[in-house]
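Structural description and commentary
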Amino acid sequence: MIGRLMIHAKEAWRGAVDVAKLLCVLHVTNKYLVSPSLAMGPSMLPTMNITGDVVLCEKISPRLGKVGPGDIVLVRSPENPKKCLVKRVMGVEGDRVTYVADPKNDDNRYETAVVPKGHIWIQGDNIYASRDSRQFGAVPYGLLQAKVFYRVSLFLLH
Amino acid sequence: MGTRNLLWSFTKKYFTFGLVGLTISDRYASIVPVHGASMSPTFNPGTKSSGALSTDDRVLVEKFCLQNYKFSRGDVVVFRSPTNHKEKHIKRIIGLPGDWVGTNINDVVKIPDGCCWVEGDNVVSSKDSRTFGPIPLGLINGRAVAVVWPPQRTGKVETIVPHGRFSSP
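Residues numbered from 1 in each chain as written. Chains lettered and ligands numbered in written order. Predicted model: local features only at pLDDT ≥ 70, side-chain atom pairs only at ≥ 80, totals over all residues. Heavy atoms only, no water.

Some points on the pattern of salt bridges
Taken as a whole, this structure holds 13 salt bridges over all chains when the rule is applied. For Asp-132 of chain A, the salt bridge identified is with Arg-134 of chain A, shortest N-O distance 2.9 Å. A single burial state applies to Asp-132 of chain A and to Arg-134 of chain A, both of which are buried. Of the charged contacts in the structure, one is a salt bridge between Asp-57 of chain B and Arg-153 of chain B, with a shortest N-O distance of 2.7 Å. A residue pair is termed long-range when its members are at least 10 positions apart, and Asp-57 of chain B in the loop between strand S1 (29-33) and strand S2 (58-62) and Arg-153 of chain B in the loop between strand S9 (140-149) and strand S10 (155-156) qualify at 96 residues. When its relative accessible area of 1% is taken as the criterion, Asp-57 of chain B is described as buried. Each of Glu-62, Asp-75 and Arg-143 of chain B takes part in one network of salt bridges that share partners. (Salt bridge = Lys/Arg side-chain N within 4 Å of Asp/Glu carboxyl O. Buried < 20%, exposed > 50% of the residue type's maximum accessible area, 1.4 Å probe, protein only. Helix = DSSP H or I, 4+ residues; strand = E, 2+ residues; numbered from the N terminus.)

Encoded structure:
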């Protein structure tokens, strides 16, 4: 009786260890290689849907510092650390960025900013409805989470 | 064939160990060394600012605080430097979003949403928010809870609320 119980206990333990290992593999993949993410809202409009797109992000380029102007990135919001933003990098440290100060008005007033050391300048593709570096300034590179490299079309689901 | 099997099982074991270790250090807790004298009475009290002694403190850093980014004034936190993402600093939180913090040049700043004001305990040699301003909470990587090495210095890291430095609305 006891012997049989021991065998069962051993089997259960082995199963639990396997599950834990699997979770570890998932965590490491998610954190260091590739992870899916949901991009919502109007700020990236022509590029991404307003109703939400699943995007695949890779974590290797930000770690190696290979993120440059034009890349779409996932950034932890400097205003609310629980939120992540999907934006496009417009400039890296030392770059001079020119942007339309107030696109809703018609007076095309341009403003220029220099991106400080260790920072990046992020902007949404939809300049009319995006809260980005034009409001809160350049963000530290350390807030950069991942680079978006693939958009999974959810067209069929809509 | 025997050696190859042995090698394979060895590699597998190492790999699993690495994965598990990485997961634990990312999600739950890790141990980091503290360099320099910027937190001097709390960590590395004996170190002069020049020359690294071999008695660098090792600190246990917990990561549970990252789940909802709830910190209190006086917590010692590890964060990525806002000017160089490869460096990590350890400093004490002086002010949280909405607080007014007095900097040392007779100046008072309001801390914006999602940011905090960090300073080293050693006012003389510390590069902190007085040089680079408030930092986003998103840069924070963990909270120091205890000194674990060297053995004679082990103990809890105290939360010292900096009375008189901030005023919250």
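Points about a nonpolar patch on the surface
All names here are of chain A. A contiguous nonpolar surface patch, about 560 Å² in accessible area, is contributed by Leu-33, Val-34, Ile-60, Leu-64, Phe-149 and Tyr-150. In this structure, Leu-64 sits in helix H2 (residues 60-64). Of the residues examined, Leu-64 reaches a relative accessible area of 54% and is grouped as exposed. (Patch = residues over 30% accessible without salt bridge, like charges linked within 9 Å, V, L, I, M, F, W, Y side chains within 5 Å. Areas by Shrake-Rupley, 256 points an atom, 1.4 Å probe, with all protein chains shown as cover.)

Some points on the UniProt feature "active site" (unreviewed entry) in chain B
All names here are of chain B. UniProt annotation of "active site" (unreviewed entry) refers to Ser-38 and Lys-91 when read in the numbering used here. Spatially, the listed residues are clustered: although they cover 54 residues, their C-alpha atoms lie within 8.0 Å of one another. Position of Ser-38 among the secondary structure elements: in the loop between S1 and S2. In contact with Ser-38, other than residues within four places in its own chain, are Ile-90, Lys-91, Gly-120, Asp-121, Asn-122, Ser-125 and Ser-126. Checked against the element boundaries, Lys-91 lands in strand S4 (residues 88-95). Here the side chain of Lys-91 touches Ser-38 through a polar contact of 3.3 Å, side chain to side chain. (UniProt positions renumbered as here; feature names shortened; annotations may be inferred. Contact = heavy atoms within 4.5 Å. Polar contact = N/O pair within 3.5 Å; in protein donor to acceptor, adjacent residues only side chain to side chain.)

A short note on the sheet that holds strand S1 (residues 34-39) of chain A
Pairing between the strands of a sheet comes from backbone hydrogen bonds, and it takes one of two forms, parallel or antiparallel. All names here are of chain A. Here 7 strands make up an open sheet; going across it, the order is S1-S2-S9-S3-S4-S7-S8 and the pairing antiparallel. The open sheet has two edge strands with one neighbour each: S1 and strand S8 (139-140). Sheet analysis places strand S3 (residues 72-76) next to strand S9 (residues 144-152), joined by 3 bridges and oriented antiparallel. Across the sheet, residue Leu-74 finds its bridge partner in S9, namely Ala-146. The strands touched by helix H1 (residues 2-33) are S1 and strand S2 (53-58); relative to S1, the strand with the most contacts, the crossing angle is about 70 degrees. (Pairing = 2+ DSSP bridges. Axes fitted to C-alpha atoms, helices over the stretch in contact; angles between N-to-C directions.)

What about the UniProt feature "domain: Peptidase S26" (unreviewed entry) in chain A?
Residues and elements named next belong to chain A. Those residues carrying the UniProt feature "domain: Peptidase S26" (unreviewed entry) are residues 22-101 and 112-150 in this numbering. Taken end to end, residues 22-101 has its terminal C-alpha atoms 49 Å apart, with 21% of it in helix and 38% in strand. Annotated as 10% helix and 44% strand, the span residues 112-150 places its first and last C-alpha atoms 31 Å apart.

Section: the confidence of the model for chain B
Any residue range with low pLDDT should be treated as having predicted coordinates unsuitable for detailed reading. Residues and elements named next belong to chain B. Counting all residues, the mean pLDDT for chain B is 86, and 93% of those residues have values of 70 or more. Mean pLDDT across the elements of chain B bottoms out in strand S11 (residues 166-167) (79) and peaks in strand S3 (residues 76-80) (94). Across the whole predicted complex the pTM is 0.85, and at the interface the ipTM reaches 0.83. (pLDDT = per-residue confidence, 0-100.)

Points about unusual backbone geometry
It is generally the case that most residues other than glycine have a negative phi and that most peptide bonds are trans. All names here are of chain B. Along the chain, Trp-149 connects to Pro-150 via a cis peptide bond; the corresponding omega equals 0 degrees. Phi angles above zero are rare outside glycine, and Asn-44 is one such case at about 50 degrees. By the element assignment, Asn-44 lies in the loop between S1 and S2. Despite not being glycine, Tyr-69 has its phi angle at roughly 50 degrees, a positive value.

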